[in-house]
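Working through the structure, step by step
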Amino acid sequence: MKYSGWPDSGELVVGKVDDITDFGVFVDLEEYEDKRGLCHISEVASGWIKNVRDHVREGQTVVAKVLDVNESSQQIDLSIKDVNEHQRKEKIQEWKNEQKADKWMAIAFGEDIDDEQYGAIANALLAEFDSLYDGFEQAAIHGTEALADVELDDDELDAIVDTARQNVSVPYVNVTGYVDLRSPAGNGVDDVKEALKAAEGDGEVSDEIELTVTYVGAPEYRIKVKAPDYKTAESELDASVARAREAIEAAGGTAEYHRERSGDDE
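Rules behind the numbers
- Residues numbered from 1 in each chain as written.
- Predicted model: local features only at pLDDT ≥ 70, side-chain atom pairs only at ≥ 80, totals over all residues.
- Heavy atoms only, no water.
- UniProt positions renumbered as here; feature names shortened; annotations may be inferred.
- Phe/Tyr/Trp six-rings, centres within 6.5 Å; stacked < 30°, edge-to-face > 60°.
- Lys NZ or Arg CZ within 6 Å of the ring centre and 35° of its normal.
- Axes fitted to C-alpha atoms, helices over the stretch in contact; angles between N-to-C directions.
- Helix = DSSP H or I, 4+ residues; strand = E, 2+ residues; numbered from the N terminus.
- Parallel < 35°, antiparallel > 145°, perpendicular 65-115°, else oblique.
- Left-handed = near helix turned anticlockwise from the far one by under 90°.
- Contact = heavy atoms within 4.5 Å.
- Nonpolar A, V, L, I, M, F, W, Y, C, P; charged D, E, K, R; others polar.
- Pairing = 2+ DSSP bridges.
- Core = buried A, V, L, I, M, F, W, Y, C linked by side-chain atoms within 4.5 Å.
- Buried < 20%, exposed > 50% of the residue type's maximum accessible area, 1.4 Å probe, protein only.

Per an unreviewed UniProt entry, the recorded name for the protein is Translation initiation factor 2 subunit alpha, and the organism is Haloferax marinum. In its Subunit (unreviewed entry) section, the UniProt entry covering the protein states "Heterotrimer composed of an alpha, a beta and a gamma chain." Per its UniProt entry, the protein bears the Function (unreviewed entry) comment "eIF-2 functions in the early steps of protein synthesis by forming a ternary complex with GTP and initiator tRNA."

Here it is, written out as structure tokens:
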């Protein structure tokens, strides 16, 4: 998808070097329809420039900062030198992500989707998310729940979720904690088993979470949580420990939680 309007001053844009002259570089803007900018030689690189071609080449993809936009004269002034390496990498990744999202839209709604339908669906997603990529990523993680406020019909929402879950590579994080479970009762082994079952969630853990409880060495058990982000992972780890503690204490036992192993490393 390309934007039909004009970029704003100060915006970072991705472009392809189209023509190199003695006075500067013409850049076709990849994110905007039929828009071309000029980067004056003084804005190509810092310091004195003898030959522009020492710094850029035709066909090269660059990230530039928009210095000025004059719609009446159809002119966009750009600066390549005002973009640092961190900004360049971040913008290129953002652009690549949106290209992926564009392909996902075609998968979800067909290669022959017309511009009007595409625009309506895209605008509905952008009303709730920072980008189309973000919308698909959240759909992959949370399913239709993530799209609850998106004003699309059920078939369109289902198409987005199905496509997201089949194509989006979701980032996950892992957190680990340990809990010592003890029960002085005669049937203490059974009490510990019930506490472990509670720690695992009894099937109530969300599909987006992978939670495992494994034996380390009596009385120590490892709880490992895989989740889309650290906040969710830590919350699920705390909840797992709380469930185990409640179950074992109800049976007269004790639970001691710690983030590092108590025993020797395996």
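Thoughts on the packing of aromatic side chains
Under the defined criterion, the tally for this structure stands at 4 aromatic pairs. Consider the rings of phenylalanine 23 and phenylalanine 26, whose centres lie 6.1 Å apart with planes at 85°: the pair is edge-to-face. Its end group placed over the ring of tryptophan 6, lysine 35 keeps NZ or CZ at 4.7 Å from the ring centre. Above the ring of tyrosine 172, the side-chain terminus of lysine 226 is found at 5.5 Å from the ring centroid.

What about the packing of helix 1 (residues 85-109) against helix 2 (residues 115-126)?
One can describe the packing of helix 1 onto helix 2 by two numbers: an axis separation of 12 Å at closest approach and a directional angle of 115°. One finds that helix 1 runs roughly perpendicular with respect to helix 2. Seen from above, helix 1 lies across helix 2 with right-handed handedness. Residue-level contacts link Asp102, Met105 and Phe109 of helix 1 to Gln117, Tyr118, Ile121 and Ala122 of helix 2. Split by residue class, the contact of helix 1 with helix 2 holds 5 nonpolar, 1 polar and 1 charged.

Some points on the sheet that holds strand 7 (residues 210-217)
Ordered in space as 7-8-6-9, the 4 strands form an open sheet in which the pairing is antiparallel. At either end of the open sheet lies a strand with only one pairing partner, and these are strand 7 and strand 9 (254-258). Neighbouring strand axes in the sheet, compared pairwise and without regard to direction, differ in orientation by 25° on average. Two strands pair when backbone bridges link them, and strand 6 (residues 173-182) and strand 9 are joined in this way by 5 bridges, in the antiparallel orientation. Of the residues in strand 9, the one forming a bridge with arginine 182 is threonine 254. Against the sheet, helix 6 (residues 230-250) touches strand 6, strand 7, strand 8 (220-227) and strand 9, its axis set at about 10° to strand 6.

Details of the nonpolar core
One finds Phe109, Ile121, Leu125, Phe136, Leu147, Val150 and Ile160 to be the most contacted residues of the largest nonpolar core, which totals 28 residues. Of all the secondary-structure elements, those providing two or more residues to this core are helix 1, helix 2, helix 3 (132-142) and helix 4 (154-167). Among the elements that line this core, the one with the most residues is helix 3, at 6 residues. When sequence neighbours within four positions are dropped, the list of residues in contact with phenylalanine 109 reads Gln117, Ile121, Glu156, Ala159 and Ile160.

Things to note about unusual backbone geometry
With glycine set apart, most residues show a phi of negative sign, and most peptide bonds adopt trans. Its identity is not glycine, yet aspartate 34 carries a phi of approximately 55°, on the positive side. On the secondary structure map, aspartate 34 appears in the loop between strand 2 (24-29) and strand 3 (36-40). Residue glutamine 74 is not a glycine yet carries a positive backbone phi of 55°. Locating glutamine 74 in the fold gives a position in the loop between strand 4 (61-70) and strand 5 (75-79).

Concerning the sheet that holds strand 2
An order of 1-2-3-5-4 is seen for the 5 strands of this closed barrel, with the pairing classed as mixed. On average, each strand axis in the sheet is tilted by 50° relative to the strand beside it, whichever way the strands run. In this structure, strand 1 (residues 12-20) lies alongside strand 2, joined through 5 bridges in antiparallel fashion. Pairing of glycine 15 across the sheet is with leucine 29, part of strand 2. Contacts between helix 1 and the sheet are confined to strand 1 and strand 4, with strand 1 contributing the most and set at about 95° to the helix.

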